Amino acid sequence: ASVRGKTRAPDAMSGAYRHVHAAPRVAVTAGASATTRRSCGSSRLSRAPPGTIRLDNRRPLPRHHRRALRVAAAASSGVNEALAETGGNVVNVLNKKFKVGDLREELTRRGEASDGKKAELIERLVALGPVAVESAAPKPETSSDDASREYPRGDAKPRDRDAKPRPRQRSVMSSRPAERVSGGEGIDEDGDSNFSGMEVTFLGTSSGSPSFTRNVSSYALRLTDEIWLFDCGEATQHQLMRSHLKYSKITRIFITHMHGDHIFGLPGLICALSGARAELKRVHGREPEPLHITGPPGICDYVKAAIGCSRTVLGLNLVVTELAAPGNGVAGVGAGTDADPRGFAAQTHLAADARCRMFLGERWPDNGAAAAPDFRDRDAWQRAWDGSLELPYWTVHRERAKNPGGRGGEKGAIVVRAAPLRHPVPCFGYVVDEPDQAGRLDADKCAVLGLPPGRDYQRLKNGESVRTDNGTWIHPRDVVGPDRPGRRLCLLGDTCDSVGVAPLAMGCDVLVHESTFSEAKHGEAVFKGHSTSAMAGEFARMIKARNLLLTHFSNRYGTANTRGDVPNNNGSAGDRNGSGGKHNGSGGSPKDDDVDDDDVLPEEAPDDPKAAAAAESSLVEGLVREASRAKGDSRVVAASDFFSFNVQRREDFDEFDRAKGNREAVVEGPAVEPWLEDPGDARRRIDAELNKAPMGGMGARGGGYGGGYGGDRFGDSYGGDRRGSTGGPRGGGGGRGQYQRGGG
């Protein structure tokens with residue numbers, strides 16, 4: 001049979017289709033007669049020995065594929081089946097059931113002439129009769145030498161259709177996220193409502209390491225015109241692409257602490273945002289908005305090292321702020337009008353590169369308090385509960401009133417504050433406050449009073465009185481309803497004690513709290529600096545939180561824990577030591593163990609994903625029940641990846657809103673933005689430092705930790721080897737400005 005161009009072979013022989021598809025001409029002479037060979041022409045291909053399928057300038061197909069072609073040529077043809085099963089009515093069946101193309105295709109398979117009208121084709125097929133279907137023999141076993149001769153290097157091995165299909169490789173990208181688990185219908189109705197200006201979307205809800213259903217920590221706060229990201233674990237970019245969020249709208253990133261599962265995705269995201277903003281400038285000619293990153297001590301060094309070592313060329317201004325607490329009693333710039341001018345110079349963000357694209361600096365506490373006590377200092381944390389120890393807090397961001405984003409009014413705009421949490425490394429929780437909003441305008445009443453729709457409506461909402469055309473004065477109290485309560489969100493990092501953030505978070509509408517362990521693991525949770533679900537519920541009840549969203553679940557409550565040495569997967573029974581945990585339950589020393597159950601990566605995917613997901617949901621339901629009992633109501637949700645919770649705007653004040661207290665002093669302060677060094681001054685300073693200390697001098701303020709470009713400990717180390725120019729082979733750690741000059 002001659003097959004030209006891209007005529008497709010039968011489906012049943014698709015294993016050999018790759019060989020036939022590319023051949024310009026194929027001759028099949030499997031037992032064909034002389035008449036058949038003459039009808040195929042007199043080319044050299046038609047003179048191939050019987051039983052051979054040859055290709056132009058190609059090797060013969062293997063024997064088992066030649067058999068597959070012969071079997072498929074007969075078995076896949078409906079015409080051949082009709083010839084075999086039909087008796088005397090064969091002519092009528094072929095005429096009614098098959099088209100001319102089907103008949104010609106069958107004749108072509110058999111190597112016969114396929115020209116003529118339909119009646120002639122049917123007559124020819126009836127004369128030939130059916131072709132006996134050859135049983136497909138099993139594929140002979142071949143040695144490695146035969147395999148190497150049969151499939152030379154560079155040729156793909158044809159697919160064996162009889163072989164068992166390989167199981168699908170399961171990954172985080174191909175797996176379905178875990179389902180959220182809620183404690184009641186009331187919180188579901190609120191969270192699923194339409195977008196009203198504030199929405200929390202979880203991008204990762206696992207602790208320590210990812211699982212097949214959960215990524216590591218990250219969640220986003222979607223506002224009307226921008227997105228704020230809280231923590232940025234690895235693969236956060238992938239999660240953003242899978243979600244409904246546009247990562248190009250991210251303008252601020254808040255880091256809770258420096259553990260890897262909260263920051264390892266930050267360098268890649270910075271580069272992605274930089275490229276997106278640079279392209280925006282190239283296309284539209286607009287200067288891109290800066291990206292603000294706020295985090296604990298060490299965030300400046302981490303970002304500078306990632307950008308510098310990767311030689312990333314930033315396409316936007318990157319402003320990184322460290323929440324430092326020197327303990328000198330000086331109120332930071334976040335205190336607004338109460339800020340101490342003595343600390344202004346030390347809190348100025350200095351350029352860390354010659355292009356003046358990256359600015360690094362500090363923010364001191366509003367109350368000038370010292371840093372939070374050490375994680376292991378129980379007495380100090382107890383004094384914080386008693387009120388005898390003042391913990392620091394920071395005003396990280398305060399928008400100006402009537403800002404372009406439309407979130408501000410006469411009474412200010414959104415404010416972000418931070419406070420310390422108890423964790424083995426410096427950790428923070430963030431509180432987002434929205435000012436109370438003006439009440440609803442009664443348009444019908446305005447029309448009755450003679451005021452048509454227009455700009456005067458907005459003036460009335462802003463608190464101004466307006467005059468109608470007939471001379472009547474309309475006051476806001478006449479047509480505008482009572483103020484509506486502003487919203488408050490409390491977004492926490494890892495913690496086993498949140499007393500530091502409690503005064504700022506009273507009456508919050510949403511509390512995002514970790515729930516790493518179940519209540520039975522209380523001792524282990526405190527030892528590791530984490531919380532149980534019951535601890536989260538108790539804190540929510542203490543601060544009168546309206547809704548509690550649980551996150552940061554241990555892998556022992558999910559499908560990631562597939563190790564065989566964990567008898568029970570519920571984290572509450574069947575532990576190795578039989579006493580309710582790997583530790584002694586009282587915050588003591590852990591047993592010697594090389595592997596932490598909560599951080600271990602899964603070795604293999606579950607055999608039954610649906611059953612594993614059901615088991616995970618059942619375990620997480622237990623955490624929700626524990627948190628609900630501790631909180632005192634059912635407004636609790638165990639978040640899952642890509643779960644979004646809309647923070648509803650309420651019309652009337654209730655007990656939760658009254659618990660927030662008077663927030664006018666918080667929201668009505670001046671705008672708080674980092675003070676950036678003037679680019680001209682920065683370049684002159686950089687040139688002077690390079691000329692003065694080419695091998696890594698002292699820097700502008702403090703010791704010789706970093707040399708060259710940035711000065712202080714934020715100085716760029718391009719020009720030096722981190723050795724100070726004063727005293728000894730390696731300079732000191734550098735001071736924190738003019739009030740601590742101990743380094744160097």
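Residues numbered from 1 in each chain as written. Predicted model: local features only at pLDDT ≥ 70, side-chain atom pairs only at ≥ 80, totals over all residues. Heavy atoms only, no water.

J.: When you look at the side chain of H257 in this model, what are you seeing that I'm missing?
T.: Residue placement: H257 occurs in the loop between β7 (250-254) and α11 (260-263). Of the residues examined, H257 reaches a relative accessible area of 0% and is grouped as buried. Engagement of the side chain of H257 in a polar contact is seen with the side chain of H259, the distance being 3.4 Å. Sequence-distant contacts of H257, defined by excluding residues within four places in its chain, comprise D231, H262, I263, P296, H423, V425, P426, C427 and D494. (Helix = DSSP H or I, 4+ residues; strand = E, 2+ residues; numbered from the N terminus. Buried < 20%, exposed > 50% of the residue type's maximum accessible area, 1.4 Å probe, protein only. Polar contact = N/O pair within 3.5 Å; in protein donor to acceptor, adjacent residues only side chain to side chain. Contact = heavy atoms within 4.5 Å.)

J.: Any chance you could explain the pattern of salt bridges here in plain terms?
T.: When the charged atoms of two side chains lie near each other, side chains of opposite charge can form a pair. Taken as a whole and assessed by the stated rule, the structure comprises 34 salt bridges. Here R357 and E287 are joined by a salt bridge, their closest N and O atoms 3.5 Å apart. Taken together, the positions of R357 in the loop between β10 (350-351) and β11 (358-363) and E287 in the loop between α12 (266-284) and β8 (291-295) put the pair 70 residues apart, joining distant regions of the chain. For R357, a relative accessible area of 12% puts it in the buried group. (Salt bridge = Lys/Arg side-chain N within 4 Å of Asp/Glu carboxyl O.)

J.: I tried to follow helix α24 (residues 679-692) on my own but got confused; where do I start?
T.: An α-helix turns once per 3.6 residues; consequently, residues spaced three or four apart project the same way. Spanning 14 residues, α24 covers 20 Å between terminal C-alpha atoms, matching the ideal 20 Å at 1.5 Å per step. Along α24, the positions that sit buried rather than exposed are A682, R685, I686 and E689. Taken around the axis of α24, the buried residues stretch over an arc of 100°, which confines them to a single face. Among the exposed residues of α24, those pointing more than 90 degrees away from its buried face are R684 and N691. Lining the buried residues of α24 we find β10. For α24, the side-chain oxygen to backbone nitrogen distance between the N-cap and G680 is 3.0 Å, and the N-cap itself is D678. (Expected span 1.5 Å × (residues − 1). Arc of directions from axis to C-beta.)

J.: Just checking my understanding: could you explain the packing of aromatic side chains for this structure?
T.: Two descriptors summarise a pair of aromatic rings, namely the distance from one centre to the other and the angle between the planes of the rings. Taken as a whole and judged by the stated rule, the model has 10 aromatic pairs. Here Y219 and F230 contribute two aromatic rings whose centre-to-centre distance is 5.8 Å and whose plane-to-plane angle is 10°, an arrangement assigned as stacked. Of the two residues, Y219 is situated in strand β5 (residues 218-222) and F230 in strand β6 (residues 227-230); the sequence distance between them amounts to 11 residues. The exposure classification of Y219 matches that of F230, with both residues buried. On the numbers, 5.3 Å between centres and 55° between planes, the contact of F254 with Y430 is tilted. Highlighted residues: F254 in strand β7 and Y430 in strand β14 (residues 427-433), separated in sequence by 176 residues. Each of the two residues, F254 as well as Y430, counts as buried. (Phe/Tyr/Trp six-rings, centres within 6.5 Å; stacked < 30°, edge-to-face > 60°.)

J.: I would appreciate a short explanation of unusual backbone geometry in the present structure.
T.: What you tend to see is this: most non-glycine residues have negative phi, and most peptide bonds are trans. A positive phi angle is found at A235, which is not glycine, with a value near 70°. Examined against the element boundaries, A235 turns out to sit in the loop between β6 and α10 (236-242). Classification of A235 by relative accessible area gives partly exposed; the value is 35%.

J.: I would appreciate a short explanation of the sheet that holds strand β18 (residues 510-514) in the present structure.
T.: Hydrogen bonds along the backbone pair up the strands of a sheet, which may run parallel or antiparallel. The strand order across the open sheet built from 8 strands is β3-β20-β19-β18-β17-β14-β13-β12, with neighbouring strands paired in mixed fashion. Strands at the two margins of the open sheet, each flanked by one partner only, are β3 (181-182) and β12 (394-398). With 3 bridges connecting them, strand β17 (residues 488-491) and β18 associate as parallel partners. Each bridged residue has a counterpart across the sheet, and for L489 the counterpart in β18 is V510. Contacting β18 and β19 (547-551), helix α20 (residues 533-542) crosses the sheet at an angle of about 155° to β18. (Pairing = 2+ DSSP bridges. Axes fitted to C-alpha atoms, helices over the stretch in contact; angles between N-to-C directions.)

J.: Please explain the pairing of β8 as it appears in this structure.
T.: As a general feature of sheets, a regular strand has side chains that alternate between the two faces. Most of β8 sits out of view: 5 of its 5 residues are buried. Both faces of β8 are covered, namely the face carrying L291, I293 and G295 and the face carrying H292 and T294. Bridge count between β7 and β8: 3 bridges; the pairing is parallel. Across the sheet, residue I253 finds its bridge partner in β8, namely I293. For β8 and strand β9 (residues 318-323), the ladder comprises 5 bridges, and the chain directions are parallel. Along β9, the bridge assignment pairs L291 with L318. After leaving β8, the chain enters helix α13 (residues 299-309) and then returns to the sheet as β9, a path that is right-handed. (Right-handed = clockwise from strand over helix to strand, strands pointing away.)

J.: Explain the sheet that holds β7 to me, please; I cannot follow it from the model alone.
T.: With mixed pairing, 9 strands are arranged side by side in an open sheet as β10-β11-β9-β8-β7-β6-β5-β4-β21. Strands with a single pairing partner mark the edges of an open sheet, and in this sheet they are β10 and β21 (644-646). In the packing of α12 onto the sheet, contacts are made with β6, β7, β8 and β9, and the angle to β7 comes to roughly 160°.

J.: Honestly, the nonpolar core in this entry has me stumped. Any pointers?
T.: In a soluble, globular protein the nonpolar side chains are often hidden away together inside. Grouped together as the largest cluster of nonpolar side chains are 31 residues, with contacts concentrated most on C490, V501, L511, I543 and L548. Going through the elements one at a time, β13 (415-421), β14, α18 (502-505), α20, β19, α21 (609-631) and β20 (636-638) are the ones with two or more residues in this core. Take this core: its biggest share by element is 5 residues, from α21. Among all residues touching L511, those that are not within four sequence positions of it are C490, L492, F539, A540, I543, A545, N547, L548 and L549. Residues V200, F230, I414 and F428 belong to the second largest nonpolar core, which totals 30 residues. (Core = buried A, V, L, I, M, F, W, Y, C linked by side-chain atoms within 4.5 Å.)

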